[in-house]
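# Inside the fold
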Amino acid sequence: MPLILDSSSESSNQSEADGREELRRVHHEADVVIVGAGVLGSALAVALADQERSVILLEKSLKEPDRIVGELLQPGGYEALIKLGLRQTLEGIDAIPVTGYTVLYYDESVAIPYPANATQEAGSGAEKSAKPSTPEGRSFHHGRFVSRLRAAALAHPNISVFETEATSLIKSTHTDQILGVESLTGKTENDYYFGSLTVVCDGYASKFRRPYIHHTPQVKSKFWGLELIDCPLPTPHHGIVVLGKDSPVLLYQIGTHETRILVDVPEGLPSTSTANGGIKGHLGKVVLPSLPPMVQPSFKVALEKGALRSMPNSFLPPTMNKTRGLAILGDALNMRHPLTGGGMSVALNDVVLISELLSPENVPELSDTALVLEQFRIFHWRRKALTSIINILAMALYSLFAANDWQLKYLQKGCFRYFQLGGKRIEEPVGLLGALIRRPFVLLYHFFSVALWSIWILIQENGLLLLPLSLIQGLLVFWKACVVIFPYIFAELRS
Ligand SMILES: Cc1cc2nc3c(=O)[nH]c(=O)nc-3n(C[C@H](O)[C@H](O)[C@H](O)COP(=O)(O)OP(=O)(O)OC[C@H]3O[C@@H](n4cnc5c(N)ncnc54)[C@H](O)[C@@H]3O)c2cc1C
Ligand SMILES: *[C@@H]1O[C@H](CO)[C@@H](O)[C@H](O)[C@H]1NC(C)=O
């Protein structure tokens, strides 16, 4: 290549950028190769490219995704999106503001708005005034949001997007370092992409994590989804959680006319057997009558239309990235039950943290793989201030909300009665759920307060005469609370 001498630094920057573009397009070489243009991959590509890294983004299908996942972004995830300069990706897609949750428990209900001032991090003045005064999330059609994120990547001068399916990682022959990715384009053509860092974020069914992550995702239930049209809801702009004698149901608006319903169905539930009419039988006979009356007509219509879809609800604890040249992120790395809608907030906050840790000031060259690994070690522990809360809360709350024994049913009732007490007893729990509070101790405090409140309810219900029995039962309830939460706490303490 001829040496270009130019007095203006702007045009030499331009020619440098052109050179890097050509390196990506023709030679498939970049600083970073990202596998999967989902929520995490697209946002990470933009964040790193904004820091002047040269980025290749690989996606097996650039068609707008049509999925029942990732439709409600918690306020703490929305804040991360804004920090990344990607606020516009939620504009003009008919996204609905979300201001809190409402929990229905049999015939009772409690509204739990996101609290003002839940975040203790003080932003700069300008940043603050741009924020809504009380935290807001957004709910929307997943595919529209992902398409907008991809559009931001496609428009970025430092990113090249390729529609191709990654098939394997390219390993150095003499070290274990990952050098890039092999892929299949148009089902016939083999391609190779090389980067100092390869990021794998190919989602829940990742086919690359196997040799690097020694846990397998645990699946205890599925979410079955339907789209309801013009369905009235008890509290607009709230996510609705329906509790009762069966597994929980979620409802939230995803567009002016569309509402998503997700029904949790545990594995091997007798009412879903073929003799009972399969999943459709379960939804019609068991779920329909348990829904709020105003929701039932649109649920019936949707069920008759029959566009039923399901997704596994997985748990996968996080693992530290320890392989040179490789980082596994997003659902490929870490998953929790989607009951609390935490996945995208984890993904976007992870992107914020990684772009800080890998910034050119901290890591001048991504080819310094030892330094990059050290930054990922820091990432593994530092992200927990937020992500351990979201992971543990989702799993523990799911156990309570899908209560299948008497102790769990007491904890479920105790949890609802605790919310009814109001004040800090709803503000902090929903601040945790909304990805706004970054103090894991707050979660422990409220979880065990719920356990004690459940025992108090049990004692009151049994009456004074049965006090000795109540004490034994209370111990069993407390023991159950420990059994519910400690495995998920331990899972967070491992590297
Ligand atoms: C039923 C359900 C409901 C959920 N609801 C919510 C919610 O309301 N709120 C929330 O925050 N989270 C929710 N989640 C979780 C959320 O969807 C995920 O955490 C989030 O989508 C993870 O983002 P990701 O980028 O890691 O993966 P994905 O968004 O799944 O992206 C992975 C991308 O990789 C691509 N890809 C895969 N393999 C290859 C390959 N070999 N080569 C190239 N590309 C490839 C895929 O096409 C896809 O575009 C839900 C999850 C489930 C299961
Ligand atoms: C892209 O990278 C170049 C360096 O090659 C940099 O000058 C430019 O500002 C970057 N563009 C954006 C939009 O960040």
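Residues numbered from 1 in each chain as written. Chains lettered and ligands numbered in written order. Predicted model: local features only at pLDDT ≥ 70, side-chain atom pairs only at ≥ 80, totals over all residues. Heavy atoms only, no water.

## Remarks on the site of ligand 1
Lining the immediate surroundings of ligand 1 are 35 residues, of which L40, E59, L72, D331 and M344 lie closest. In this structure, D331 approaches ligand 1 through a side-chain N or O atom, which is 2.7 Å from an oxygen atom. Protein chains bury 92% of the 1,000 Å² of accessible surface belonging to ligand 1 in isolation. Of all the secondary-structure elements, those providing two or more residues to the shell around ligand 1 are α2 (39–50), β2 (55–59), β9 (165–171), β16 (309–315) and α8 (343–357). Considering every element that reaches the shell around ligand 1, the biggest residue donor is α8, with 3 residues. Classifying every residue of the shell around ligand 1 by side-chain character gives 16 nonpolar, 10 polar and 9 charged. Built from parts of two domains, the shell around ligand 1 gets at least three residues from each of domain 1 (21–65 + 144–214 + 316–385) and domain 2 (218–315). (Near = heavy atom within 4 Å. Polar contact = N/O pair within 3.5 Å; in protein donor to acceptor, adjacent residues only side chain to side chain. Areas by Shrake-Rupley, 256 points an atom, 1.4 Å probe, with all protein chains shown as cover. Helix = DSSP H or I, 4+ residues; strand = E, 2+ residues; numbered from the N terminus. Nonpolar A, V, L, I, M, F, W, Y, C, P; charged D, E, K, R; others polar. Domains from an automatic or database assignment.)

## Details of the UniProt feature "transmembrane region" (unreviewed entry) in the protein chain
In the UniProt entry, the feature "transmembrane region" (unreviewed entry) is given for residues 385–403, 441–459 and 465–490. Spanning residues 385–403, this segment combines 89% helix with 0% strand, and its end C-alpha atoms are found 28 Å apart. Measuring from the first to the last C-alpha atom of residues 465–490 gives 39 Å, for a span that is 92% helix and 0% strand. (UniProt positions renumbered as here; feature names shortened; annotations may be inferred.)

## Description of the sheet that holds β16
Reading across from one edge, β6-β5-β13-β14-β15-β12-β16 is the order of the 7 strands in this open sheet, with mixed pairing throughout. Looking at the sheet topology across the chains shown, the edges are occupied by β6 (108–113) and β16. Strand-to-strand, the axes of this sheet are offset by a mean angle of 20 degrees, without reference to chain direction. Alignment of strand β5 (residues 100–105) against β6, held across 6 bridges, turns out to be antiparallel. Paired with Y101 across the two strands is I112, which belongs to β6. Docked against the sheet, helix α6 (residues 278–290) engages β12 (218–229), β13 (238–243), β14 (249–253) and β15 (258–266), running at close to 110 degrees with respect to β15. (Pairing = 2+ DSSP bridges. Axes fitted to C-alpha atoms, helices over the stretch in contact; angles between N-to-C directions. Contact = heavy atoms within 4.5 Å.)

## Notes on the sheet that holds strand β4 (residues 96–98)
Hydrogen bonds between backbone groups are what pair the strands of a sheet, and the pairing can be parallel or antiparallel. Taking strand neighbours across the sheet as the criterion, the 3 strands line up as β3-β7-β4 in an open arrangement whose pairing is antiparallel. A single partner strand is all that each edge strand has here, and the edge strands are β3 (72–73) and β4. Here 2 bridges tie β3 to strand β7 (residues 137–139), and the two strands are oriented antiparallel to one another. Each bridged residue has a counterpart across the sheet, and for L73 the counterpart in β7 is R138.

## As for the packing of helix α11 (residues 406–420) against helix α14 (residues 467–493)
Packing of α11 against α14 brings their axes to within 9 Å, and their N-to-C directions diverge by 85 degrees. What the angle tells us is that α11 and α14 run roughly perpendicular. When α11 is examined against α14, the residues W406, Q407, L408, Y410 and L411 are found in contact with a partner set consisting of Q473, L476, V477, K480, A481 and V484. Across the contact of α11 with α14, the residue classes break down as 8 nonpolar, 2 polar and 1 charged. (Parallel < 35°, antiparallel > 145°, perpendicular 65-115°, else oblique.)

## Quick notes on the domain arrangement of the protein chain
As assigned here, the protein chain comprises domain 1 (21–65 + 144–214 + 316–385), domain 2 (218–315) and domain 3 (386–494). For domain 1 and domain 3, the distance between their C-alpha centroids amounts to 36 Å. Counting residues at the interface gives 17 residues for domain 1 and 21 residues for domain 3. Here domain 1 packs against domain 3, burying approximately 1,500 Å² in sum over the two surfaces, 60% of which is carbon and sulfur. For the interface between domain 1 and domain 3, the tally reads 1 salt bridge. Linking K384 and E492 is a salt bridge whose minimum nitrogen-to-oxygen distance equals 3.0 Å. At the surface where domain 1 touches domain 3, the tally comes to 10 residue pairs in polar contact (both at pLDDT 80 or more). When contributions to the side of domain 1 that touches domain 3 are tallied by element, the ones reaching two or more residues are α8, α9 (369–382) and α10 (384–401). (Buried area = accessible area lost by both parts, 1.4 Å probe. Salt bridge = Lys/Arg side-chain N within 4 Å of Asp/Glu carboxyl O.)

## Comments concerning unusual backbone geometry
For Y106, which is not glycine, the phi dihedral falls at a positive 50 degrees. Relative to the helices and strands, Y106 resides in the loop between β5 and β6. A relative accessible area of 48% means that Y106 is categorised as partly exposed. Phi is positive for H237, which is not a glycine, with a value near 65 degrees. Mapped onto the elements of the fold, H237 is located in the loop between β12 and β13. Residue classification places H237 among the partly exposed residues on the basis of a relative accessible area of 37%. (Buried < 20%, exposed > 50% of the residue type's maximum accessible area, 1.4 Å probe, protein only.)

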